[in-house]
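Letter by letter, the chains look like this.
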Amino acid sequence: VSTLYNFSSNSNTQAIFPAGTMAQGRDGNFYGISQSGNGCCQGWFYKISSKGVLTSIHAMEQSEGTNCSGVTLGTDGNFYGTCANGGLVNGNPGGTLIRVTPSGTVAVLHNFVEVGTTTDGCTPYSPPIQGTDGNFYGVTLGCGKYSVGTVYKLTLAGAYTELYSFQGGTTDVQYPYDALVQGTDGNFWGTGYQGGAVEGNGGVFKITPGGKETLVYSFQGQSIDGQNPYGSLIQGTDGNYYGTTLLGGPEQFGTVFQLTPKGVEKALYNFPSQTDGAYPRLALTDRKST
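As the structure is a computational prediction, the values presented were derived from the model and not from experiment.

(A) Focus on the overall build of the chain. When you go through the chain residue by residue, the secondary structure sums to 0 helices and 27 strands. Computed over the C-alpha atoms, the radius of gyration of the chain is 19 Å, within 12% of the 19 Å expected from 2.2 N^0.38 for a compact globule of 290 residues. Viewed in the frame of its principal axes, the chain has a C-alpha envelope of about 50 × 45 × 35 Å. Of all 290 residues assigned to the chain, the portion counted as buried reaches 53%. As displayed, the chain offers around 12600 Å² of accessible surface, 50% of which is attributable to carbon and sulfur atoms. For the chain, the centre of its 13 positive side-chain charges and the centre of its 19 negative side-chain charges are spaced 8 Å apart.

As structure tokens, this is what we get:
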């Protein structure tokens, strides 16, 4: 491990507490949004070179979003991201969906409304991904028709559509934290932290670009397999999906699992102790991505 940069400034002039994913821009630099550095919960849109030179480009405003969670590079050269809180909705700000140019010009494309049961989602914890059709797809942790999260679509032109409201219970997942991944079947695959057929242990779902959702697998929990997946999936070169669960396994420290496109799951590794790592939250990385 080589440490490129230490976030340490508390002067409200530099990014601190980086969170979420960074995206490599067309210029070769890496771009992200910090959680702070501009007052409480208001971060900076920043870039950092492979040499470790950091530039804080734009101080995020309350109306643009707070508690942001990283960015995705779009085919237009701009960055797309979400903030879990903030926005322009008076009284019930539920976060924002934003576009940021490499120079730091922010456009709020959608304000999420955090108000009970609504057709709109709220509190997005991960940036959207761009599908093969050019549109962006993402999830929100909360709100929606059943108050347990949603899937949305955003066009490059900025048109927002709510695709699906998770139902939770035993027939669907709820509370999706991390980003979707588009499979070779054209569907978008993701995880729900809770819900599913077995004691609310969470599960894996897939959804078509048109919004038809299917619960693919429900985690069994305890010593059988993992439970409560927090991170997103990846699709391996073998066509199977791979991910982690925050809890579950014989020692309850989490697992690494494999899931076939038909929904056959196998726990590949059970974290045995905290000295070996525990409670995995982030997605895996396939060799094809490195």
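(B) How the structure looks around the state of the cysteines. For the structure shown, the criterion picks out 2 disulfides. Shown here is the disulfide that connects C68 with C83, its sulfur atoms set 2.1 Å apart. Across the S-S bond of C68 and C83 the torsion is about 85 degrees, and the bridge reads as right-handed. Placement of C68 in strand 6 (residues 66-73) and of C83 in strand 7 (residues 79-85) is noted, with a sequence separation of 15 residues between them. Look at C83 and you get buried, because its relative accessible area is 0%. Taken in sequence order, the bonded cysteines of the chain link in the pattern 1-2, 3-4.

(C) Representation of the environment of V139. Note that V139 resides in strand 12 (residues 136-140). V139 sits in the buried class, given a relative accessible area of 1%. Between the C-alpha atom of V139 and that of L284, which follows or precedes it by 145 residues, the distance is 19 Å. With sequence-adjacent residues up to four places away left out, V139 is seen in contact with P124, S126, T150, V151, Y152, P176, D178, L180 and F205.

(D) Representation of the packing of aromatic side chains in the model. The full count for this structure, using the stated rule, is 21 aromatic pairs. Measuring from ring centre to ring centre gives 5.0 Å for F219 and F257, while their planes differ by 70 degrees; the resulting arrangement is edge-to-face. With F219 in the loop between strand 21 (213-218) and strand 22 (226-227) and F257 in strand 26 (residues 255-259), the pair connects residues that are 38 residues apart, well separated along the chain. F219 sits in the buried class, given a relative accessible area of 0%.

(E) Geometry of the sheet that holds strand 20 (residues 203-207). On the basis of which strands lie adjacent, the open sheet formed by 4 strands has the order 17-18-20-21 and antiparallel pairing. Sheet topology places strand 17 (181-182) and strand 21 at the edges, where each strand pairs with a single neighbour. In terms of strand pairing, strand 18 (residues 188-192) meets strand 20 through 5 bridges, oriented antiparallel. The partner of W189 across the bridge, within strand 20, is K206.

(F) Seen up close, the environment of T123. Counting through the fold element by element, T123 comes out in the loop between strand 10 (121-122) and strand 11 (129-130). Residue classification places T123 among the buried residues on the basis of a relative accessible area of 12%. Along the primary structure T123 and G86 are separated by 37 residues, whereas in three dimensions their C-alpha atoms are 9.4 Å apart.

(G) Structural detail: the side chain of E64. Along the chain, E64 turns up in the loop between strand 5 (54-59) and strand 6. Buried charge without a salt bridge: E64, with R99 as the nearest opposite-charge side chain at an N-O distance of 12 Å. Within the structure, the side chain of E64 is placed 2.9 Å from the side chain of H58, a separation counted as a polar contact. With residues up to four places along the chain from it excluded, the contact list for E64 reads H58, A59, C83, T96, I98, V106 and V108.

(H) Broad picture of the sheet that holds strand 27 (residues 265-270). Across the sheet, 4 strands lie side by side as 23-24-26-27; this open sheet has antiparallel pairing. Two strands close off the open sheet at either side, each with one partner strand: strand 23 (234-235) and strand 27. Relative to strand 27, strand 26 runs antiparallel, the two being bridged by 5 bridges. From the neighbouring strand, L259 faces strand 27, where its bridge partner is E265.

How each quantity is defined
Residues numbered from 1 in each chain as written. Predicted model: local features only at pLDDT ≥ 70, side-chain atom pairs only at ≥ 80, totals over all residues. Heavy atoms only, no water. Helix = DSSP H or I, 4+ residues; strand = E, 2+ residues; numbered from the N terminus. Rg over C-alpha atoms; globule rule 2.2 N^0.38 Å. Buried < 20%, exposed > 50% of the residue type's maximum accessible area, 1.4 Å probe, protein only. Areas by Shrake-Rupley, 256 points an atom, 1.4 Å probe, with all protein chains shown as cover. Lys, Arg positive; Asp, Glu negative; His and termini not counted. Charge placed at Lys NZ, Arg CZ, Asp CG, Glu CD. Disulfide = S-S within 2.5 Å. Contact = heavy atoms within 4.5 Å. Phe/Tyr/Trp six-rings, centres within 6.5 Å; stacked < 30°, edge-to-face > 60°. Pairing = 2+ DSSP bridges. Salt bridge = Lys/Arg side-chain N within 4 Å of Asp/Glu carboxyl O. Polar contact = N/O pair within 3.5 Å; in protein donor to acceptor, adjacent residues only side chain to side chain.

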